Amino acid sequence: MIEQIEIGSLHIEDYQQLNEAMKAAYPNTTDNYWPTSAIQNLIDKFPEGQIVIKVDGVVVGTALSIIVDYKKFGDNHTYKQITGNYTFNTHNPKGDTLYGVEVFIHPDYRGLRLGRRLYDARKDLCESLNLKAIIFGGRLPNYHIYADSMSSKEYIQKVKSKEIYDPVLTFQLSNDFHVKKVLKKYMPGDEESKDYAVLLQWFNVYYVSELKHMFNVKTFVRLGLIQWQMRPYGSINELFKQAEYFVDAVSAYKSDFALFPELFNGPLLATFNDMPEAEAMRELAKYTPEMKDRFREMAIRYNVNIITGSLPSIENGELRNIGFLCHRNGTVDQYDKIHITPDEEKHWGIRGGNRLQVFDTDAGRVGILICYDVEFPELPRLLAEQGMQILFVPFLTDTQNAYMRVRLCAQARAIENECFVAITGSVGNLPEVDNMDIQYSQAAVFTPSDFAFPANCVKSEATTNTEMILIAEVDLSLLHELHMYGSVRNLKDRRTDFYELSLKNKND
C-alpha cells in the first residue's frame, strides 16, 4: 500500500534510483540512458527545472527541463540542436520558454496519475518563472502500426479525435498541450515513431512581459462538490463503489478538492436497525478507520485532495463526529465537529471535539467546519486569523429551513472573513434509518461581496435535491486584493484595540 507521494527537486544522490526507473520505463533501449554526468550538468545549470517524483521515498519518475530563447531555434529544430548536442549549453536563464527534455514514469507506478503531477509541476514552474510557454517534441510510439495506411498528419488527427490511442500523444493532449507542428527527423532512429514527432506547446496565460506587483499573478483552484444521494447500500464496498465514481468524475475535471457531505455513510446504519440509535452509530463508527484508508488511497490514485465530509468515530471512548483531509501526496489531517446539535447528542450521544486549525495544502490554506459549526462566527474568524482562503462546510440537513440556516451563515462567513466558502450535503430519503430519513441540499460556492466577485456572492450552485457534482473555480489572488484594497476591509479594520478573540485551549 502506498504511504506517500512526494514531488521535489532532483538531486544527484537520487541517480541510482532514477537510473533504475529509467531502464524500466525504456526496456528496449540499451545505450541511450541519461548518464550521471548529463544529470549532474542539468542540476548544475537549472536545479529547479529538474523535478522528481517519489513514492514512499523511492524515485519512480522525473521531468527534466531547460530554459531557452526560443526565437533562436524556431519550430524547425531537432532534439539534438535544442539541447546543444545533449550538453544543455543552450540553457539560457534569460530565455522565454521552458523546454521539456525528458519525462518518464516507472511502469509499475503508472495509473496513479503521476505523469499528470509532473506536468502540473512543470506548469507551476513556468508560471512562477514568468515564462511564455512550455514546448517539447513528443514521440508517436504507435504510429508504426498505422504508417502503411495513413500519413503522420492523418494519424495525429485521429488521435486528437480519439479514434486512435497513442500512449504519449493522447496523454499530452489530455494535459492541455496543443500540437504546434509535425516534425521529421526530430529524433533520428525512433523506429516506432517512424522518425516523426509532434511539437507540443502549453501557453502560460499569466505571462506578462514585465512583472508587476504580486496581485497580477493569478492562482486558480478548482473545487469539486459532491451532492450525495442517500440510498440503501448492502455493504461498505457498495458505498465505496459510488464514492469512487464521484472521485473519478471530479478528478477528470482536474479538480484540486473533492468535498463529501456530513455523515454521507448514514445508509450503512440500516444494517443495525435492530439496535438503539446510539449503539447503531457506534457500530457505524467501526467502519471509519477503513474508510480513512480507502479515501487516502483514492486521493493518491486520483490526484485530488479529498475532504471526507464527516464520519462517526470513537475517540478516547467517546463518540465524535470527525472527518479527514486526505492530501493527494498521501498525508492525512483530521478535523472535528465542535458544536453538536441537540438531536446528535440526544439520539446518538455524540460529543464535541476540540480540534480547530487551518490546513496547508498544495492549493491554498483551507479550513473545514462541519455543518452546525458554521453557525458560530467565532470559529471561521479564528481560522481567518490563521490565513484561511477557502472554508469547506460538509453538512447534513433534513428540511429547507435547516438548510437555509447553514447556507445563510456560510454566506455571511464568506463576507466577514473575506474567503471562499464551499458547502455540500446529501439528498434523498432513508425511510428505514431512524433520525436520518429525509435530506435537503443545494451545494454551493460563496464569495466575498465586492466588485471582483459575483453581485449575489454566489460563484456557483447545484440543482436542489439532485444527485450531482458541482465544479467551480476560484481565484485566490482576488482575496489578496480584497484584503488590501477592498471597498470595505472586514479583516483589516477590526478594532483589536477594543476587543479580541482567542482559543482557551490548544487543539488536542
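Each remark here, short or long, concerns the structure printed above.
Throughout this description, residue numbers start from 1 for each chain and increase along the sequence as written. Given that this is a predicted model, residues contribute local features only at a pLDDT of at least 70 and side-chain atom pairs are listed and counted only at 80 or more, while totals for whole chains, interfaces and linings are drawn from all residues. Only hydrogens and water are set aside; all other atoms, that is, all heavy atoms of the structure, feed into the side-chain values.

S.K.: Mind showing me how you'd approach the pairing of strand β7 (residues 196-203) here?
M.R.: The side chains of a regular strand alternate, first on one face of the sheet and then on the other. Only protein chains enter the accessibility calculation, which uses a 1.4 Å probe; a residue whose area is less than 20% of its type maximum is buried, one above 50% is exposed, and one in between is partly exposed. Here a strand is any run of E in DSSP of at least two residues, a helix any run of H or I of at least four, and the numbering for each starts at the N terminus. Counting buried residues in β7 gives six out of eight residues, a clear majority hidden from the surface. Sheet topology places strand β5 (residues 133-138) next to β7; six bridges connect them, and they run antiparallel. Along β7, the bridge assignment pairs Ile-134 with Trp-202. Sheet topology note: the strand β6 (residues 178-184)/β7 ladder contains six bridges and is antiparallel. In the strand pairing of β7, His-178 is matched with Gln-201. The pairing criterion is simple: DSSP has to find at least two bridges between the two strands.

S.K.: Where do I start with the layout of surface pockets in this structure?
M.R.: Using protein atoms alone on a 1 Å grid, points that fit a 1.4 Å probe yet trap it form a cavity, whereas open point sets bounded by protein on both sides within 12 Å along at least five of seven lines form a pocket; residues with an atom within 4 Å of a point count as lining. Grid points are joined across faces, edges and corners, and a volume is the space filled by probe spheres set on the points. Reported here for the second largest pocket is a volume of approximately 1200 Å³. Forming the boundary of the second largest pocket are 35 residues, of which Asp-120, Asp-124, Phe-220, Asp-256 and Arg-328 lie nearest the centre. Listed by contribution, the elements that provide at least two residues to the lining of the second largest pocket are β1 (5-9), α4 (114-128), β7 and β8 (220-229). Here the lining of the second largest pocket gets eight residues from one element, more than from any other, and that element is α4.

S.K.: Looking at this structure, how should I read the nonpolar core?
M.R.: Within soluble globular proteins, side chains that are nonpolar tend to cluster in buried spots. Residue types Ala, Val, Leu, Ile, Met, Phe, Trp, Tyr and Cys, when buried and joined through side-chain atoms within 4.5 Å, form a set referred to as a nonpolar core. Membership of the largest hydrophobic core comes to 51 residues, with the highest contact counts inside it found for Leu-223, Phe-257, Ile-390, Leu-391, Phe-392, Val-421 and Ile-423. The contact definition used throughout considers only heavy atoms, calling two residues in contact when any of these lie within 4.5 Å. For Leu-223, the residues in contact, after removing those within four places along its chain, are Ser-255, Phe-257, Ile-390, Phe-392, Ala-422, Val-445, Leu-470, Ile-471, Ala-472 and Val-474.

S.K.: Hey, could you run me through the pattern of salt bridges in this one?
M.R.: Where charged atoms of side chains with opposite charge meet at close range, the side chains can pair. When a carboxyl oxygen of Asp or Glu lies within 4 Å of a side-chain nitrogen of Lys or Arg, that pair is called a salt bridge. Tallied over the entire structure, the rule returns 28 salt bridges. Across the salt bridge formed by Lys-158 and Glu-163, the nearest N and O atoms sit 3.3 Å from each other. Residue Lys-158 is classed as partly exposed on the basis of its relative accessible area of 28%. Residues Arg-231 and Glu-467 are paired through a salt bridge, measuring 2.8 Å at the closest nitrogen-oxygen approach. You can see Arg-231 sitting in the loop between β8 and α8 (236-252) and its partner Glu-467 sitting in the loop between β21 (458-461) and β22 (468-475), a full 236 residues away along the chain. Here the salt bridges do not stand alone but share partners, grouping Glu-315, Glu-318, Arg-320, Asp-336 and Arg-355 into one network.

S.K.: Which parts of the structure should I look at to understand helix α9 (residues 277-285)?
M.R.: The complete set of buried residues in α9 reads Ala-280, Met-281, Leu-284 and Ala-285. Taken down its axis, α9 places every buried residue within 150° of arc, on the same side. For this quantity, the arc is that covered by the directions from the helix axis to the C-beta atoms.

S.K.: Would you take a moment to explain empty space enclosed by the protein for this structure?
M.R.: A water-sized probe rolled over the atoms picks out the places where empty space is left. The full count for this structure, using the stated rule, is two cavities of 30 Å³ or more. Estimated volume of the largest cavity: approximately 90 Å³. Lining the largest cavity are Leu-269, Phe-272, Asn-273, Met-275, Glu-277, Ala-280, Trp-348, Val-433 and Asp-434. The classification used treats Ala, Val, Leu, Ile, Met, Phe, Trp, Tyr, Cys and Pro as nonpolar, Asp, Glu, Lys and Arg as charged, and all other residues, Gly among them, as polar. Tallied by class, residues from the lining of the largest cavity come to six nonpolar, one polar and two charged. Of the pockets and cavities examined, the second largest cavity occupies roughly 40 Å³. Lining the second largest cavity are Gln-334, Tyr-335, Asp-336, Arg-355, Leu-356, Gln-357, Phe-359, Ile-368 and Leu-383. Take the lining of the second largest cavity: its biggest share by element is three residues, from strand β13 (residues 332-336). Classifying every residue of the lining of the second largest cavity by side-chain character gives five nonpolar, two polar and two charged.

S.K.: Any chance you could explain the sheet that holds strand β16 (residues 390-394) here in plain terms?
M.R.: Strand-to-strand pairing in sheets goes through backbone hydrogen bonds, with the strands running parallel or antiparallel. Read across the sheet, six strands follow the order β14-β15-β16-β17-β20-β21 without closing on themselves; strand pairing throughout is mixed. On the outer flanks of this sheet lie β14 (359-361) and β21, each paired with one strand and no other. Ignoring which end each strand starts from, the neighbouring axes of this sheet average 20° apart. In this structure, β16 lies alongside strand β17 (residues 420-424), joined through five bridges in parallel fashion. Counterpart to Leu-391 in the pairing with β17 is Val-421. The strands touched by helix α13 (residues 400-416) are β16, β17, β20 (444-446) and β21; relative to β17, the strand with the most contacts, the crossing angle is about 165°. Lines fitted to C-alpha atoms define the axes, with helix axes restricted to the stretch in contact, and inter-axis angles between N-to-C directions lie between 0 and 180 degrees.

Worth remembering: the numbers are spatial, not functional.
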